[in-house]
Every structure is written in C-alpha cells, then in structure tokens.
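Okay, here's what each chain looks like letter by letter:
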There are 2 protein chains.
Amino acid sequence: MSAEIRVALEPPYTVHVGRGRLALAGELARERPSVAVVTDGRVAALHGARLAALGDRPWIQVPRGEQAKTLAQVGVLLEELEAAGLDRRSLLVTFGGGSVSDLGGLAASLYMRGIDVLHCPTTLLAQVDAAVGGKTGVNLGPAKNLAGTFHQPIAVVADVDVLATLAEADWRSGLGEVVKSALLESPPSGAEPLLELLERSSEGLLRREAPVLEAVVERCVRHKAAVVAGDERESGARAGLNLGHTFAHALEAASGFALPHGVAVAVGLVLALECSRRVGLLEEPELAPRTVRLLSRLGLPSSLAALRTAEVPLEAAHIEAALRHDKKRAEGEPCFVLPRRRGAVALGVAVDPALVRSLLA
Amino acid sequence: MSAEIRVALEPPYTVHVGRGRLALAGELARERPSVAVVTDGRVAALHGARLAALGDRPWIQVPRGEQAKTLAQVGVLLEELEAAGLDRRSLLVTFGGGSVSDLGGLAASLYMRGIDVLHCPTTLLAQVDAAVGGKTGVNLGPAKNLAGTFHQPIAVVADVDVLATLAEADWRSGLGEVVKSALLESPPSGAEPLLELLERSSEGLLRREAPVLEAVVERCVRHKAAVVAGDERESGARAGLNLGHTFAHALEAASGFALPHGVAVAVGLVLALECSRRVGLLEEPELAPRTVRLLSRLGLPSSLAALRTAEVPLEAAHIEAALRHDKKRAEGEPCFVLPRRRGAVALGVAVDPALVRSLLA
C-alpha cells in the first residue's frame, strides 16, 4: 500500500508515502540540467544506494542534528551549491532528517533567490512533519527557527523503508509529533481517529511494521497537508500545528538543543494539556491521562520530571527565559496553543506567568 | 510636485516620490506595536531627524557599502532584531542606500519567516532601483547577490531632499542606473522619452535641482514598477532590468567590490551596446555613441579603460572568471541582456567567449 497526498497550494505538490518510494526521486529529477543532494553522513552511508536513480550528482554533507541549523552552515551550503555549479533551473534534493530539510530548504530558497527543492525525509519526524509544508529555518542562538522562509518543495518522497534503521532516540522523537497529530486531527470521513489507531496499533508501531508505518505516516501527512493548504503562511489555523511546541521549543533551548525535538514535543503536549485544564479550556478532561498513557506505551516521557537529568537539569528559570524568546510571542509574552478536545485547539492564548511557572516547577 | 506610483503586485504597494516625503514614514508605521530602523552611521547622522515622526525606536546601524552585504552581517542584524523584541507584527524600516535595503530586506524576509519592511532609500541608486521591486540579497565571496529572496515592501518612500548630501561617488553611481532606465523605458503615452529628458536636463540634474530629481526618479520608478508588476520573480521580462549588469557585476567582483555599482553599470551598458553591435543585434547603432555622450555629460566613465587604475587594475582574466560566477548563467556560460534599440532588449543571449574576451582587453 502506498499513498499520494496532494498539498493543495499554488502550485500544488504531492507527498508520496510508502515502501520503496525513493525510486521516484530519479524520475522527479530527470529533466534537470543539474541536481545536488544535501544529506548527512549517516544517511548517505546507510541509504545512499536508494537514490542510485539520481545518477552521479554532487552529494553535499552537512553535520547531523539540530546543532547544525545555523546561518553559518547555510553559508557553507550555499558556497557548496555555487561550487557545484547549480543555476536557477537546478534541483536541490534533501535526504535526511528535519535538520537537513530545514537547512537545505533554506539554502534552496536563498540560492539565486530561490531554486526548486525535493525533500526525501528519512526520519519519522521529518516524514510526518518537517518536510511537509514548506517551512525552512535555522536557530539563532537559543531562538529556535528564528530565521527562515516559506519555500514549498516540488514534491516530498517519504519512503517508510528507511525508518527501519532509525536510531532509537530519533525514532522516539518522531513518535512525539505523531501523537501531536493524533490530538489535532479530525479523521477523514468514516475513518478511525488516528488516536484510536495508535492506541490499537502501538505494538506494531513500536516494531516498525511497514503497514502500520504507512498508515500512520499517511494519516499524519493528510492532516498536515489539509491544514497547510488552508493557511500556508501561518496567519491562522496553521498555528494549531504548534500544539505543545511553545513549551517544546523552550525545553529544547534550555537543554542547549540536547533534547530531541519530538521528545520535547511529547512533554510539551502534556504541559499544554495541563495548562489548558488549569485555565479552564479543556472540555475533554480524559484527553490528558489518555495522552499520558499513549506516550508511555510508545516509550516517550510524559512529564517534565522524566526529562530532567544531571546533565540536562532543565531548570525552570531557563525554560521561562527561553519561553520569552519564542517567536510566537506577542507584546513580549509567550502565546500558547491549548487543546480543547481531540481535534480542536484554542490559538494564541496568553497564560498568567505564575501559572506557567507552576507548571515548570 | 510629488508622485505616488503603484506597484501592481499582490498585495500592491506605493512608491512615494518627492520632496519632504519622509514625514510619511511615521504614518505608515503608526499602527505597529514595534518598529526598528536599519541604517548606516552617515545617514543616521545627516538625516535621522527626518524620521522623527517614527518616535523613539531602536536604530540598528550596519556598516556602509557593498562590503557589508554578507550572510554574517544578516546574522548580526537578525540577532539585533531579536534583542529589540520585534515580533511577527513588527515593521522594519530601512533607511539608507541599496546595501541597507538589500541587507535589511533580507533580514526582514528571514526574521520569524518574514516581517513587513518599509524602504526609505537615501541614495539615487536605491531610489530608482534597489528599493523598488522586492529583491534582497547578499554576496557570497565574489558572487554578487547569490543569496537572497523576493520580499516586497509595504511601501517605499523616496524623498529627493536627502539626495542633496550624497557624496559625489554615490551620486554618480546612481546616475548609471538612471541611464540604464533611459535605455530600457518606453515612455508613458505622450511623454518625452527619459533619454531625451536626461539629455535636455543634464545640467540641472548635475546641480541636483529638486524638480529635475523628482521627474527623473519618478520616471525611473514608473518604468521599474511596470516591469516588476509583470514579472515579480524574474521569469521573463524583468531580466531586461539586468541590462549592463552581467558585465557590471563581474567588474564589481573583479574590483573586490571597490567599484561603485552604478559606475560599473555605466561601463556595463557601453560594453553591452558594443557586444550587441558585434553580434549584430543592435538595430539602432546611434544608441551607442549617444549613450557614451550622455554618460560623459553626467560625469560617468564610458569605457573599461577609464575604470582601470593602479589600485584597481581590473584584469581581463579576473573579469572573465567573475562572469562565470554570474547567477544568470545557464550551463556554466554567462548570459547577457543586449540592447536592440531604445526600449527593446534581447534576453538570455549566450555570447562567444572569444568575443567577450576581446571586449575586456
């Protein structure tokens, strides 16, 4: 089973989800006079052969992980694209996790004021979230994704076969975003809600069984594609996708970006649910313990205490300081997306700093 | 006399040209919760008072000139915007020459994935060209504007009063782009061609008489606005605005960016005319000597020899190497915009490298 999900933007593009889909990259690049691949060393070593159909193209390696997302690294990448002779009709292929598509997407949007990009996400996180929707970005010091663009890809190829080799930490990181999607989505007509699908299939998912992966990635992408198509530039509904993310970004920053994004999101979801309950917005109180149970079954932390270690103490004061740097703030105060019930959130909620502090204690 | 020129993009915006127009900046910024001004030290010192209506806002200074257009400088600027507390609804005002609007425009397009920008160009070059049309950019080593975006301003305020204090070199630089506009434009119905207006008014222009400045800036902006509205992202006709620029960018790069842009454009125009004549595209041969005469009357160099000095030898091999870096190249060869007659150019012309070399001898 494989799926083609159309992202109804102008121009529209397709997200290809399924097994063995990376063979498509060669077709999508066929007409291009020049193509370069941006990847990281691990992905290139493990899965480079899956892009054999691209032929002999320059492969540009960037360092792994969130720490690589700097403006200086974008500069290095742009110089490599120049050295590789790319011009305005060239195609940049990103092949890696979210940091590779964020960095590569930003470089593509800047190079000669914008060249085409094809994302081939290789992590669960990137397949269900980062590579779909056109957001690119790098961090500025502790400020996550403070510099970036909206630059839609020509297509996304999410091949679930590559998820088999994901390191455990990266795998769990992706599950955090999957659970977020499950809290946000309204299921397609007649379909089982993703939240129930996850509860029912958590063991198969943890075993990374291909049919479960295909179903889960497809459902997450369908949800994101629908939201993004309605609000490309995040002037409204798209902000709902940030559920749990105001907390998560602050946790990541307070950890010096040592914390994997999706793991931070998992705890961010729990904090958002608790915050929503305390400010009286949570209409479906059962959603909080249900989320905690699902996170636990998926091997994810479900409390701030569970994240804190001697190396990463995540002090409340540091998290609060990072919250004040959030780019969703208004008038200097952070704004939160808070869940109301499954499939419904409140956007742009300003929360009493004392309440926030108590959540972080 | 003042003029309001509408740039018919989505959304449309207005270029305000005339005397005393900087008073408008306060009105345009009035509704904004936060505003910052990006400028350079000289402009701030000479003309800061003209933006008094903006009130007490953070002023961020960037170094002067083309050398300041680096990705590292964008990073510094973004960090300053962050420190100034700007959010997604903030307005960035650029107040300076083309390098300030190029840098500030790029920072505005990247900060939180894009905030609004208002350009208040203070040089002739920026008023007639750089600040209109939404191009932003920085140089990557010798590659001019290789990293940038399209990010349209909410408005442009071109106050000709500030041109009185322009240093002679900056003033002459702007005249190069004015002559380019005169070669490109088709005059509005019933109006005198800009080329004739310049020939007739060159003395008043050199004395920087306000009525002449208003008329010249308005006509250049009208021409650029019409071209940009028809081709925002330079997929076709907008490339005509690059007349003389493939040569000019190479000259600038070969000079280590010591050569003012518009001065390089002046010589670039002459090289393009001569190139066009030699490849048989120039249908109006009188246009070449006429351009040389006008450039001379405006105090601009009109030959490569006139640019060469002991400090800036502009060796042919260096110019050729820089041409191969041009971002308008296709398949590794530079592409030229060549004049056919006044108001008409040929786009994307590949020229025999031997012919190019002979032009640069």
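Keep in mind that this is a model prediction, so the values were computed, not measured.

### Structural notes on the interface of chain B and chain A
Contacts between the two partners involve 35 residues from chain B, matched on the other side by 35 residues from chain A. Both faces combined, the contact of chain B with chain A buries some 3100 Å², and carbon together with sulfur accounts for 54% of it. Summed over the shared surface of chain B and chain A, the number is two salt bridges. Linking chain B to chain A there are eight residue pairs in polar contact (both at pLDDT 80 or more). Top element by residues in the side of chain B that touches chain A is helix 3 (residues 71-83) of chain B. It accounts for six residues. In terms of residue class, the side of chain B that touches chain A is built from 15 nonpolar, eight polar and twelve charged.

### Things to note about the sheet that holds strand 3 (residues 35-39) of chain B
Residues and elements named next belong to chain B. The strand order across the open sheet built from seven strands is 1-2-9-6-5-3-4, with neighbouring strands paired in mixed fashion. On the outer flanks of this sheet lie strand 1 (3-7) and strand 4 (59-61), each paired with one strand and no other. Put simply, the sheet's adjacent strands are angled 20° from each other on average, direction ignored. In the sheet, strand 2 (residues 13-18) pairs with strand 9 (residues 155-159) via five bridges, with the strands oriented parallel. The partner of H16 across the bridge, within strand 9, is V157. The strands touched by helix 3 within the sheet are strand 3, strand 4 and strand 5 (91-96), with strand 4 carrying the most contacts at an inclination of about 165°. Across the sheet, helix 8 (residues 210-230) is in contact with strand 1 and strand 2; its angle to strand 1 comes to roughly 15°.

### A few points about the environment of E320 of chain A
Residue and element names in this part refer to chain A. With respect to the helices and strands, E320 occurs in helix 13 (residues 316-323). On a C-alpha basis, the gap between E320 and P353 in space is 8.8 Å, while along the polypeptide they are 33 residues apart. Not counting residues up to four positions away in its chain, the partners in contact with E320 are R357 and L360.

### Side note on helix 10 (residues 261-279) of chain B
Here helix 10 of chain B is 19 residues long and its end C-alpha atoms lie 26 Å apart, about the 27 Å a rise of 1.5 Å per residue gives. Immediately downstream of helix 10 of chain B, the backbone of G280 of chain B shows phi near 85°, a positive value.

### As for the pattern of salt bridges
Residue and element names in this part refer to chain A. Scanning the model with the defined rule gives 52 salt bridges over all chains in all. A salt bridge links R222 to E218, with the nearest nitrogen and oxygen atoms 2.8 Å apart. You can see R222 and its partner E218 sitting in helix 8 (residues 210-230), four residues apart, about one turn around the helix. Linking E274 and R277 is a salt bridge whose minimum nitrogen-to-oxygen distance equals 2.8 Å. A residue pair is termed a helical-turn pair when its members lie 3 or 4 positions apart in one helix, as E274 and R277 do in helix 10 (residues 261-279) at three residues. By relative accessible area, E274 is classed as partly exposed at 24%.

### Some remarks on the sheet that holds strand 9 (residues 155-159) of chain A
All names here are of chain A. Taken in spatial order, the seven strands of this open sheet run 1-2-9-6-5-3-4, and their pairing is mixed. Every interior strand has two partners, whereas the edge strands, strand 1 (3-7) and strand 4 (59-61), have only one. Within this sheet the neighbouring strands show an average axis-to-axis angle of 20°, counted without direction. Packing against the sheet, helix 4 (residues 98-110) makes contact with strand 3 (35-39), strand 5 (91-96) and strand 6 (116-121), and its axis sits at approximately 165° to strand 5.

### Considerations on the packing of helix 6 (residues 168-184) of chain B against helix 7 (residues 194-206) of chain B
Residue and element names in this part refer to chain B. Between helix 6 and helix 7, the shortest axis-to-axis distance is 10 Å and the interhelical angle comes to 160°. By the angle class used here, helix 6 and helix 7 are roughly antiparallel. Helix 7 is crossed by helix 6, and the crossing has right-handed handedness. Contacts from W171, L175, V178, V179, S181 and A182 in helix 6 reach L194, L195, L198, L205 and L206 in helix 7. Of the residues that constitute the contact of helix 6 with helix 7, the class distribution is ten nonpolar, one polar and no charged.

### A word on the relation of the copies chain B and chain A
Laying chain B over chain A is done by rotating through 180° and shifting 0.0 Å along the axis; what remains is an RMSD of 0.0 Å. Those values place the two copies in the arrangement expected of a two-fold rotation axis. Both copies share a contact surface, since 100% of the interface residues of chain B are interface residues in chain A too.

### With respect to the pairing of strand 5 of chain B
Residue and element names in this part refer to chain B. Across the six residues that make up strand 5, a large majority, six, are buried. Relative to strand 5, strand 3 is paired through five bridges, and the arrangement is parallel. Bridge pairing in strand 5 links V38 to T94. Running through helix 4 (residues 98-110), the crossover from strand 5 to the neighbouring parallel element strand 6 (residues 116-121) is right-handed.

### Here's the deal with the state of the cysteines
One pass over the full model with this rule turns up zero disulfides over all chains. C120 of chain A provides the cysteine sulfur closest to C220 of chain A, a residue in no disulfide bond, and the two sulfurs are 19 Å apart.

### Observations regarding the domain arrangement of chain A
Residue and element names in this part refer to chain A. You can read the domains of chain A as domain 1 (3-166) and domain 2 (168-361). Summarising the inter-unit geometry, the C-alpha centres of domain 1 and domain 2 are found 24 Å apart. With 35 residues of domain 1 at the interface, the matching set in domain 2 holds 33 residues. Regarding the contact of domain 1 and domain 2, the summed buried area is about 3200 Å², with carbon and sulfur atoms giving 67% of it. Inspection of the region where domain 1 meets domain 2 yields four salt bridges. On inspection of domain 1 and its partner domain 2, the count reaches eleven residue pairs in polar contact (both at pLDDT 80 or more). Taken together, the elements giving at least two residues each to the side of domain 1 that touches domain 2 come down to strand 1, strand 2 (13-18), helix 5 (124-130) and strand 8 (143-147). Among the elements that make up the side of domain 1 that touches domain 2, the one with the highest residue count is helix 5 (five residues).

What counts and how
Residues numbered from 1 in each chain as written. Chains lettered and ligands numbered in written order. Predicted model: local features only at pLDDT ≥ 70, side-chain atom pairs only at ≥ 80, totals over all residues. Heavy atoms only, no water. Contact = heavy atoms within 4.5 Å. Buried area = accessible area lost by both parts, 1.4 Å probe. Salt bridge = Lys/Arg side-chain N within 4 Å of Asp/Glu carboxyl O. Polar contact = N/O pair within 3.5 Å; in protein donor to acceptor, adjacent residues only side chain to side chain. Helix = DSSP H or I, 4+ residues; strand = E, 2+ residues; numbered from the N terminus. Nonpolar A, V, L, I, M, F, W, Y, C, P; charged D, E, K, R; others polar. Pairing = 2+ DSSP bridges. Axes fitted to C-alpha atoms, helices over the stretch in contact; angles between N-to-C directions. Expected span 1.5 Å × (residues − 1). Buried < 20%, exposed > 50% of the residue type's maximum accessible area, 1.4 Å probe, protein only. Parallel < 35°, antiparallel > 145°, perpendicular 65-115°, else oblique. Left-handed = near helix turned anticlockwise from the far one by under 90°. Least-squares fit on C-alpha atoms with pLDDT ≥ 70 in both. Right-handed = clockwise from strand over helix to strand, strands pointing away. Disulfide = S-S within 2.5 Å. Domains from an automatic or database assignment.

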